[in-house]
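Inside the fold
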Amino acid sequence: MSVVGFSCSSFVVVIAVLVMVLNGVEVCYGGKTSQFLRKVEKTVDMPLDSDVFAVPPGFNAPQQVHITQGDHEGKAVIVSWITPDKPGSNEVLYWTEKSKQKKLAFGKVYTYKFYNYTSGYIHHCTIKNLKYNTKYYYEVGIGYSPRTFWFVTPPEVGPDVPYTFGIIGDLGQSFDSNVTLTHYERNPHNGKTVLFVGDLSYADNYPFHDNVRWDTWGRFTERSTAYQPWIWTAGNHEIDFVPEIGETEPFKPFTNRYHVPYKASESTAPFWYSIKRGPAYIIVLASYSAYGKYTPQYEWLEAELPKVNRNETPWLLVLVHSPWYNSYNYHYMEGETMRVMYESWFVRYKVDVVFAGHVHAYERSERISNIAYNIVNGHCNPVKDQSAPVYITIGDGGNLEGLATNMTEPQPAYSAYREASFGHGIFDIKNRTHAYFSWNRNQDGYAVEADALWFFNRYWHPVDESLNEQK
Ligand SMILES: [Fe+2]
């Protein structure tokens, strides 16, 4: 028996080697593990008196100003800000460069308590019926110390409008976080909207989840979030569940501070929702809300995917915090149960790319799927699949927990490129068939793209990009 077994396995090995030779680089085991050398210094939060945390001057001046998309199509914006001393006005005054008249929109004010912390007055105001592709100015803090900002609305939803997204995850508020944000802001590829893949402030790393660190994070990021929408995904650092101090309402600080347009996509909770923006259909999923069969998120996603019209929005992007494919030792397989639930849908509906965070490093997968397993057939390996998404882990924003440097060895075949450096990504959609993705590590100038790939759209041009990459 053992001789037969040996012969069979030898035969299999010979065949496998032949296939490898015939296919050349395509079956090269694993991708690239970057040997980039970085300074491994401790990642520490910026102190409370840092200039980036400064309170804006003037009595009751609005602070922590941030915007996000306010509807499903991109014609509305949610403007949010906090006034520290008094509620003040809920109104947003807004106008275009060309308009003679200024308009007013009315919002609502919220406060919350968290253990011994009481929030400022948190304002959320949705401005509706905006024109596409238009620069708007807006003023908040009316009556005391008003401040003016601006944003540009996206182009009308359609298949061939170019649009550029920045991708940032797990940002936190360390010195490295500041480098990441600055690097993103100055990137000449000019991201117009940030897809944020979760874990915002890391306030929960402080005693009693000191919510003062939510405020400092809001002030730190304002220089970007007030001027371009950030699309929010909830991560584990947004849960803030601390029963030992009586805080049993999950996501309390996050949901009070960061509103999203979930009702516009018929979602029933702000943790999973979708938006259209220019040529992209973006689905945000919740790693930390129930996603099993019959749950609200499952039923929503099941109904949502068939609604995506690739003639209108060719690019189907998914944001989720916990990655499904990750070859670092950190958080290994934490996304596995969600993958089991939803991966076959992503293949059926030809999702172009899934962006995730959570692991504090960068990794890009091949186009692979692992959906054949049925308990008894043993088919439980990722295989190349041109209908499957590319999975990009980009939780390398620079938070105080530091880099994930330990990787599983050898590098699995599904992993195309991995590197433990802080950085950000740019997803630059050119038209219905092509998008250029690049990842910049913080240490480099913009001429250095540590990783980059031309994405071919899965609906309009489902050609294997990795062949192109290897030429
Ligand atoms: Fe996380």
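One can find the structure itself at the top, above this paragraph.
Below is a summary of the structure that appears in this document. Predicted, not measured: the structure shown is a model, and the values here were computed from it. For every chain, the first residue of the written sequence is number 1, and numbering continues from 1 along that sequence. Selection of residues for local features in this predicted model requires a pLDDT of at least 70, selection of side-chain atom pairs for listing and counting requires 80 or more, and totals for whole chains, interfaces and linings are taken over all residues. Side-chain figures throughout are based on the complete set of non-hydrogen atoms in the structure, without hydrogens or water.

Each pair of packed helices gets described by two things: the angle between the helix axes and the distance between those axes. Axis definition: a line fitted to C-alpha atoms, limited for helices to the stretch in contact. Angles are taken between N-to-C directions and run from 0 to 180 degrees. Put simply, DSSP H or I for four residues or longer makes a helix, DSSP E for two residues or longer makes a strand, and each gets a number counted from the N terminus. Orientation of helix α5 (residues 296-304) relative to helix α6 (residues 336-348), taken along the N-to-C sense of each, is 10 degrees, at an axis distance of 11 Å. If you check the angle between α5 and α6, you find them roughly parallel. The segment α5 lies against α6, with Gln 297, Tyr 298, Leu 301 and Glu 302 engaging Met 338, Met 341, Tyr 342, Trp 345 and Phe 346. When residue character is reported, Ala, Val, Leu, Ile, Met, Phe, Trp, Tyr, Cys and Pro are called nonpolar, Asp, Glu, Lys and Arg charged, and the others, Gly included, polar. Its residues assigned to classes, the contact of α5 with α6 shows 7 nonpolar, 1 polar and 1 charged. For classification purposes, angles smaller than 35 degrees are called roughly parallel, those larger than 145 roughly antiparallel, those between 65 and 115 roughly perpendicular, and all remaining angles oblique. In this description, contact between two residues means that some pair of their heavy atoms is separated by no more than 4.5 Å.

The next thing to look at is the sheet that holds strand β5 (residues 103-106). At least two bridges found by DSSP between two strands are what make those strands a pair. Strand order in this open sheet of 4 strands is β5-β4-β10-β11, and the pairing throughout is antiparallel. Pairing within the sheet leaves two strands with one partner each, and these edge strands are β5 and β11 (147-152). Shown here is a sheet whose adjacent strand axes are inclined to one another by a mean of 30 degrees, direction ignored. Note: strand β4 (residues 91-96) against β5, 4 bridges, orientation antiparallel. Residue Val 92 lies in a different strand from β5, and its bridge partner there is Ala 105.

Along the chain, the position of Lys 113 falls in strand β7 (residues 113-114). Taking the C-alpha atoms as reference points, Lys 113 and Glu 247, 134 residues apart in sequence, are found 9.5 Å from one another. Residues contacting Lys 113, with those up to four places away along its chain left out, are Thr 118, Glu 247 and Lys 252. Whenever two N or O atoms come within 3.5 Å, that pair is a polar contact, provided that in protein one can donate a hydrogen and the other can accept it, and provided that, for residues adjacent in sequence, both atoms are side-chain atoms. In this structure the side chain of Lys 113 is engaged in a polar contact, spanning 3.3 Å, whose partner is the side chain of Thr 118.

Note on aromatic contacts: the rings of Phe and Tyr and the six-membered ring of Trp form a pair at centre separations within 6.5 Å, being stacked when their planes are under 30 degrees apart, edge-to-face when over 60 apart, and tilted otherwise. Evaluation of the coordinates by the stated rule reveals 42 aromatic pairs. Note on Phe 427 and Phe 455: the rings are 5.3 Å apart at their centroids and 75 degrees apart in plane angle, and the pair reads as edge-to-face. Taken together, the residues Phe 427 in strand β24 (residues 423-429) and Phe 455 in strand β26 (residues 451-456) connect sequence positions 28 residues apart. Here the term buried applies to any residue with accessible area under 20% of the maximum for its type, exposed to any over 50%, and partly exposed to those in between, with areas from a 1.4 Å probe on protein chains only. A residue is classified by how much of its surface remains accessible, and Phe 427, at 0% relative accessible area, is buried. The exposure class assigned to Phe 455 is buried, which follows from its relative accessible area of 0%. An aromatic cluster of at least three residues, connected via ring pairs, comprises Trp 315, Phe 355, Tyr 362, Tyr 417, Phe 427, Phe 437, Trp 439 and Phe 455.

Our next topic: the coordination of the iron ion. Donor criterion used throughout: N, O or S atom within 2.8 Å of the metal, extended to 3.2 Å for Na, K and Ca. Water excluded; incomplete-looking sites may result. The iron ion binds to the protein through Asp 199 (OD), Asn 236 (OD1), His 321 (NE2) and His 358 (ND1); the donor distances cover 2.1 to 2.2 Å. Because the angles between the 4 donor atoms bound to the iron ion fall within 89 to 169 degrees, the donor set is best described as irregular. In primary sequence terms, the donor set of the iron ion follows D-x36-N-x84-H-x36-H. Of this pair, Asp 199 sits in the loop between β13 (193-196) and α3 (212-225) while His 321 sits in the loop between β17 (315-320) and α6, and the two are 122 residues apart along the sequence. Under the relative-accessibility criterion, Asp 199 is labelled buried at 1%. On the accessibility criterion, His 321 (0% relative accessible area) is buried. When four donors show all angles between 85 and 135 degrees the site is tetrahedral, when four or six donors have opposite pairs over 155 degrees and all other angles between 65 and 115 it is square planar or octahedral respectively, and in every other case it is irregular.

A general trend in soluble globular proteins is that nonpolar side chains are found buried together. Side-chain atoms within 4.5 Å are what join buried Ala, Val, Leu, Ile, Met, Phe, Trp, Tyr and Cys residues into a set we call a nonpolar core. With 80 residues, the main nonpolar core has Trp 232, Leu 285, Tyr 342, Phe 346, Phe 427 and Phe 455 as its most contacted residues. Examining the composition of this core, we find that 6 residues originate from one element, β17, more than from any other. If sequence neighbours within four positions are ignored, Phe 346 has contacts with Leu 285, Leu 301, Val 318, Trp 324, Val 351, Val 354, Ser 387, Pro 389 and Tyr 391. Residues Ile 67, Trp 81, Tyr 94 and Ala 226 belong to the second largest nonpolar core, which totals 17 residues.

Note on helix geometry: an α-helix contains 3.6 residues per turn, so any two residues three or four positions apart are oriented the same way. Buried residues of α5: Gln 297, Tyr 298, Trp 300, Leu 301 and Glu 304, and no others. One side of α5 carries all its buried residues, which in axial view fall inside an arc of 165 degrees. The directions from the helix axis to the C-beta atoms are what the arc is built from.

This paragraph deals with the pattern of salt bridges. Criterion for a salt bridge: a side-chain nitrogen of Lys or Arg within 4 Å of a carboxyl oxygen of Asp or Glu. Going through the model one piece at a time under the given rule, you end up with 19 salt bridges. Put simply, Asp 352 and Arg 310 hold a salt bridge, and the shortest N to O gap is 2.8 Å. Separated by 42 residues along the polypeptide, Asp 352 in the loop between α6 and β18 (353-356) and Arg 310 in the loop between α5 and β17 bring together distant segments of the chain. Owing to a relative accessible area of 0%, Asp 352 belongs among the buried residues under this scheme. You can call Arg 310 buried: its relative accessible area is 6%. Arg 418 is paired through a salt bridge with Glu 409; the nearest N and O atoms lie 3.3 Å apart. Overall, Glu 409 belongs to the exposed group, its relative accessible area being 59%.

Let us now look at empty space enclosed by the protein. Buriedness of a pocket was judged along seven lines, with at least five required to meet protein on both sides within 12 Å; pockets are open sets of points on a 1 Å grid over the protein atoms alone, cavities are sets where a 1.4 Å probe fits but cannot get out, and lining residues have an atom within 4 Å of a point. Grid points are joined across faces, edges and corners, and a volume is the space filled by probe spheres set on the points. Inspection of the entire model under this criterion finds 4 cavities of 30 Å³ or more. Space inside the largest cavity adds up to approximately 80 Å³. In terms of lining residues, the largest cavity is bounded by 12 residues, among which Glu 366, Arg 367, Asp 464, Glu 465 and Ser 466 are the most central. Of all the secondary-structure elements, those providing two or more residues to the lining of the largest cavity are β19 (362-365) and α7 (465-470). Per element, the largest residue contribution to the lining of the largest cavity is 3 residues, and it comes from α7. Here the second largest cavity defines a volume of roughly 50 Å³. Contributing to the lining of the second largest cavity are Ile 67, Thr 68, Gln 69, Gly 74, Ala 76, Val 77, Phe 151, Val 152, Thr 153, Pro 154, Pro 229 and Arg 277. Residue assignment for the lining of the second largest cavity shows that the elements contributing at least two residues are β2 (63-69) and β11. For the lining of the second largest cavity, the element with the highest residue contribution is β2, accounting for 3 residues.

Taken together, the 4 strands give an open sheet; going across it, the order is β2-β3-β9-β6, and neighbouring strands pair in antiparallel fashion. A strand with exactly one partner marks an edge of an open sheet, and here the two such strands are β2 and β6 (108-110). Averaged over all neighbouring strand pairs, the angle between strand axes comes to 20 degrees, with direction disregarded. In the sheet, β2 pairs with strand β3 (residues 77-83) via 5 bridges, with the strands oriented antiparallel. Bridge pairing in β3 links Gln 69 to Val 77. Packing of α3 onto the sheet brings it into contact with β2 and β3, and relative to β2 it is tilted by some 60 degrees.

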